[in-house]
Amino acid sequence: MDTYTKGGTAWLRYAAILFMLFTLVPALPAQEIIEETVTVSEPALDSGNTAWILTSSILVLLMSIPGIALFYGGLVRQKNVLSVIMQTLFIVGVVSVLWIAFGYSWAFDTSFAESGNPLACVMGGFDKAFLHGVTLNTLTTGNIPEILFAMFQCMFAIITPALILGAFAERIKFSGYIVFIVLWTILAYFPMAHWVWGGGFLQEMGAIDFAGGTVVHINAGISALIMAIMLGKRMDYRIGHPITPHNVTFVFMGTSFLWLGWFGFNAGSGLCADGLAANAFMVTHIATATAAITWMVIDWICNKKPTTIGACTGAVAGLVAITPAAGTVDLLGAFCIGIITPIICFFMVAVIKPKFKYDDALDAFGVHGIGGIVGSILTGVFATRFISGEDGVQGALYGDWHQLWIQIVATLVSIVFSAVITFILFKIVDSTIGLRVDKRVEEEGLDIYEHGESAYNH
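Residues numbered from 1 in each chain as written. Predicted model: local features only at pLDDT ≥ 70, side-chain atom pairs only at ≥ 80, totals over all residues. Heavy atoms only, no water.

Caption draft 1: Highlighting the overall build of the chain. Within the chain, the regular secondary structure consists of 18 helices and 2 strands. A compact globule built from 458 residues should have a C-alpha radius of gyration of about 23 Å, whereas the chain, at 29 Å, is more than 25% larger. Taking the principal axes of the C-alpha coordinates as reference, the chain spans close to 130 × 50 × 45 Å. A burial count over the chain gives 53% of its 458 residues as buried. (Helix = DSSP H or I, 4+ residues; strand = E, 2+ residues; numbered from the N terminus. Rg over C-alpha atoms; globule rule 2.2 N^0.38 Å. Buried < 20%, exposed > 50% of the residue type's maximum accessible area, 1.4 Å probe, protein only.)

Caption draft 2: The arrangement of helix α13 (residues 331–356) in detail. For α13, with 26 residues, the first-to-last C-alpha span of 36 Å sits near the 38 Å given by 1.5 Å per residue. M348 marks the point of greatest bend in α13, at about 35°. Where α13 is concerned, the buried positions are G333, A334, I337, G338, T341, P342, C345, F346, M348, V349, I352 and K353. Buried residues along α13 sit in contact with α11 (275–303), α12 (308–322) and α14 (364–382). Measuring from the side-chain oxygen of the N-cap residue of α13 to the backbone nitrogen of L332 gives 3.2 Å; that N-cap residue is D330. Of the residues trailing α13, K357 is marked for its positive phi of about 60°. (Expected span 1.5 Å × (residues − 1). Bend = angle between axes of the 7 residues up to and from the residue. Contact = heavy atoms within 4.5 Å. Polar contact = N/O pair within 3.5 Å; in protein donor to acceptor, adjacent residues only side chain to side chain.)

Caption draft 3: Structural context of the layout of surface pockets. When its volume is computed, the largest pocket comes out at roughly 960 Å³. Within this model, the second largest pocket holds a volume of roughly 640 Å³. As for the second largest pocket, its lining consists of 27 residues, and the residues nearest its centre are W197, Q203, D209, F210 and S269. Of all the elements in the fold, those that place two or more residues in the lining of the second largest pocket are α4 (81–108), α6 (146–164) and α7 (174–197). Broken down by element, the lining of the second largest pocket gets its largest block of residues, 5 residues, from α6. Here the lining of the second largest pocket is composed, by residue class, of 13 nonpolar, 11 polar and 3 charged. (1 Å grid on protein atoms, 1.4 Å probe; cavity = no way out; pocket = protein on both sides within 12 Å on 5 of 7 lines; lining within 4 Å. Points joined across faces, edges and corners; volume = space filled by probe spheres on them. Nonpolar A, V, L, I, M, F, W, Y, C, P; charged D, E, K, R; others polar.)

Caption draft 4: Summary view of α4. Taking the largest bend as the criterion, α4 deviates by roughly 60°, centred on W99. By the criterion of burial, α4 is predominantly enclosed, with 20 of the 28 residues buried.

Caption draft 5: Molecular detail of empty space enclosed by the protein. Going through the model one piece at a time under the given rule, you end up with 1 cavity of 30 Å³ or more. Counted as a void, the largest cavity has a volume near 40 Å³. V196, L202, A207, I208, D209, T214, S376, Q407 and A410 together form the lining of the largest cavity. The residue inventory of the lining of the largest cavity, partitioned by class, reads 5 nonpolar, 3 polar and 1 charged.

Caption draft 6: Main features of the packing of helix α10 (residues 248–267) against α12. Orientation of α10 relative to α12, taken along the N-to-C sense of each, is 15°, at an axis distance of 10 Å. Regarding the angle of α10 to α12, the classification is roughly parallel. Handedness of the α10/α12 crossing: left-handed. Residue-level inspection shows V248, V251, F252, T255, L258, W259, W262 and N266 of α10 in contact with α12, the latter providing T308, I309, C312, A315, V316, L319, V320 and I322. Partitioned by chemical class, the residues of the contact of α10 with α12 number 13 nonpolar, 3 polar and no charged. (Axes fitted to C-alpha atoms, helices over the stretch in contact; angles between N-to-C directions. Parallel < 35°, antiparallel > 145°, perpendicular 65-115°, else oblique. Left-handed = near helix turned anticlockwise from the far one by under 90°.)

Caption draft 7: Examining the pattern of salt bridges more closely. The tally for this structure, following the rule as stated, stands at 9 salt bridges. The residue D359 makes a salt bridge to R234 at a minimum N-O spacing of 2.8 Å. Taken together, the residues span a long stretch of sequence, with D359 in the loop between α13 and α14 and R234 in the loop between α9 (213–231) and α10 at a distance of 125 residues. Assigned by exposure class, D359 and R234 land together as buried. Where R436 meets E442, a salt bridge forms, and the shortest distance between an N and an O atom there is 2.9 Å. Of the residues examined, R436 reaches a relative accessible area of 25% and is grouped as partly exposed. A cluster of three or more residues bridged by salt bridges with shared partners is formed by R77, E170, R171, R234, D236 and D359. (Salt bridge = Lys/Arg side-chain N within 4 Å of Asp/Glu carboxyl O.)

Caption draft 8: Spotlight on the packing of aromatic side chains. All chains considered together, the criterion is met by 27 aromatic pairs. Arranged with centres 5.0 Å apart and planes meeting at 70°, the rings of F152 and F156 form a pair that is edge-to-face. Here F156 and F152 lie together in helix α6, a separation of 4 residues that amounts to about one turn. With respect to burial, F152 and F156 carry one shared label: buried. Pairwise contacts between aromatic rings join W99, F102, Y104, W106, F108, F112, F126, F149, Y189 and F190 into one cluster. (Phe/Tyr/Trp six-rings, centres within 6.5 Å; stacked < 30°, edge-to-face > 60°.)

Caption draft 9: Quick peek at the nonpolar core. Y72, W99, F156, Y177, Y189 and F265 are the most contacted members of the largest nonpolar core, which has 127 residues in total. Residues contacting W99, with those up to four places away along its chain left out, are Y104, A107, F108, A150, Q153, C154, A157, Y189 and F190. (Core = buried A, V, L, I, M, F, W, Y, C linked by side-chain atoms within 4.5 Å.)

Caption draft 10: Fine view of a nonpolar patch on the surface. A cluster of nonpolar side chains, namely V416, V420, F423, I424 and I428, defines an oily patch on the protein surface of about 440 Å² accessible area. Relative to the elements of secondary structure, V420 occurs in helix α16 (residues 401–432). Under the relative-accessibility criterion, V420 is labelled partly exposed at 43%. (Patch = residues over 30% accessible without salt bridge, like charges linked within 9 Å, V, L, I, M, F, W, Y side chains within 5 Å. Areas by Shrake-Rupley, 256 points an atom, 1.4 Å probe, with all protein chains shown as cover.)

Caption draft 11: Expanded view of unusual backbone geometry. Cis geometry marks the peptide bond from I65 to P66; its omega dihedral reads 15°. The topology assignment puts P66 in helix α3 (residues 47–75). With phi around 55°, L131 is a residue other than glycine that occupies positive phi space. The residue L131 is located in the loop between α5 (111–115) and β1 (139–140) in this model. Its relative accessible area of 17% is what places L131 among the buried residues.

Right, here's the structure in full:
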């Protein structure tokens, strides 16, 4: 009994000592006991953003084929529809190759700026030519694969020159067109993409172009005007006697594909599946819907009939104008842009074009050029920090007139640059290969003479 009692007392004594060690003795600072190891993890691919940009890239491609092909194809006469389709298809092929070969590197590489190369003012560099150094695991903004970002931007490079062909439809030689488009893409689109999106001087200046107001629509629209003027009017073009489109159903179908594809164009440009993308989606749709109705009403008042082509044209004008603003405006901005833009575009198409007698065949300048100019400037009016964030930009409506002036300067730079480059390229190509088809070809149709095909067999 005494033995067990002594043993029990000993264990109680040991337990008391341990209790005191754990409760009464102050703990040493954690950094003196545990050597902390800090590791920096590599950013992980965001599957949600990646899936959305994959989808957006497909949607933007739909804008060219079949969107532009059907929209412009329906507006021309039956004898020239295949020429428009071929011109669009050629652009999709050749621009894709040029973009991957060196266009992406020209626009988005940063090697020239990092090395102090004086050419950094016009191009990014050529370290990423043929996507050199871009692997499956190379990520960019939004934690998406850089390969995917390059392809998403490729779709923008495709749609831009495709817009120009509406100005000189039904009268351009395919061989001259090929050379002009290749040179224009290299010398007009690639530099502009770098200036606005790739770290160039317009981006550093603070110009807002969320998805292509300057890079795409002003660039293409101004070039379209220069080409239309220099190439001359179609032989049977008469003021006050519009040439009837051969298939209004195609025009509607093309508009539908453009409207659908534009959600990838605008909502995808934030490179994330987030609230900004949702807002871009909403304002794009509302501005487009408002513009379509506004043009229809104007058409009804001025021409006594609400036409399908008018409503489709208004929708495209709304899509164009909301493009630079989609990442910075709210519903108020969307409604205002959707009302203001078709009024100005209608005036340009119905009043200014006949007055100055230039043959912008499918109103590429009147809709895309003017719509891009209006949208770019109105971005500086309606931009709001409610969308752009506390540290973001805001427009003149909210007290920041400086942003409006930046938008005006960026717009003027885009206009002058596009006009000068197009003028020079026209002179070079026209004096060497020739751009205008012969009178007989124009009279009987480009489809048969240029491509040996007919869209409709009777």
